[in-house]
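Fold and geometry: a report
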Amino acid sequence: MGFLEKLIRKKAPNGATAKRSRAMELHGQAIKYVTERVDENDNVVGRGGSISVRNGELLLFSSDKILLRADIASLDASYLLSGDGVVLTAPNLEEEGKERRYVAYFVYYRK
C-alpha cells in the first residue's frame, strides 16, 4: 500500500480503533448533568460528575455514583449536534448488562 493510499483510506466509524479514540476524547470531560429517556420523557438522573476511561471501560460518574460502566468495544458514543454533550449507549456492567442510553451534557469552559 502506497503513501497516498494510506492517506485516502477511509476509517471504519464503528471500528475498535475509532471507538477507543472517541472514548479517549471523552476521558476527563466534566459533566454538568445527565439525562435518560424513559417513556418518551428525558429525566435528569444526575448532576455534576465526569467521564473517565479505566482498564478498557468507560465510566460515567454523576451524583456521587457510577451511572454507566461499559466496555469500550460495546460502547456507542456520539456527540450532540450542538457539541454540548454526548449520547452514550451500551450494556451497563453495573446492572448485569442491561442496555442503557444516557445523554451527558458537558460543563462549558471558555478556552
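Residues numbered from 1 in each chain as written. Predicted model: local features only at pLDDT ≥ 70, side-chain atom pairs only at ≥ 80, totals over all residues. Heavy atoms only, no water.

Tracing the backbone through its elements, the reader meets Thr 89 in strand S7 (residues 85–92). Look past the residues within four positions of Thr 89 in its chain and what remains in contact with it is Ser 74, Leu 75, Asp 76, Glu 99, Arg 100 and Arg 101. (Helix = DSSP H or I, 4+ residues; strand = E, 2+ residues; numbered from the N terminus. Contact = heavy atoms within 4.5 Å.)

Pairing is antiparallel in the open sheet, where five strands are placed in the order S2-S1-S8-S7-S6. The sheet terminates laterally at strand S2 (41–47) and strand S6 (76–79), the two strands that pair on one side only. Between one strand and the next, the sheet's axes are offset by a mean angle of 25°, whatever the strand orientation. Bridge analysis of strand S1 (residues 31–38) against S2 gives six bridges, and the strand direction is antiparallel. Residue pairing in the sheet places Val 38 in a bridge with Asn 41 of S2. Across the face of the sheet, helix H2 (residues 16–26) comes into contact with S6, S7 and strand S8 (98–106) while running at roughly 60° to S6. (Pairing = 2+ DSSP bridges. Axes fitted to C-alpha atoms, helices over the stretch in contact; angles between N-to-C directions.)

Turning to the layout of surface pockets, a few remarks are in order. Here the second largest pocket defines a volume of roughly 150 Å³. Together, Thr 35, Glu 36, Arg 37, Asp 42, Val 87, Arg 101, Val 103 and Tyr 105 line the second largest pocket. Those elements giving two or more residues to the lining of the second largest pocket turn out to be S1 and S8. Partitioning the lining of the second largest pocket into residue classes produces three nonpolar, one polar and four charged. (1 Å grid on protein atoms, 1.4 Å probe; cavity = no way out; pocket = protein on both sides within 12 Å on 5 of 7 lines; lining within 4 Å. Points joined across faces, edges and corners; volume = space filled by probe spheres on them. Nonpolar A, V, L, I, M, F, W, Y, C, P; charged D, E, K, R; others polar.)

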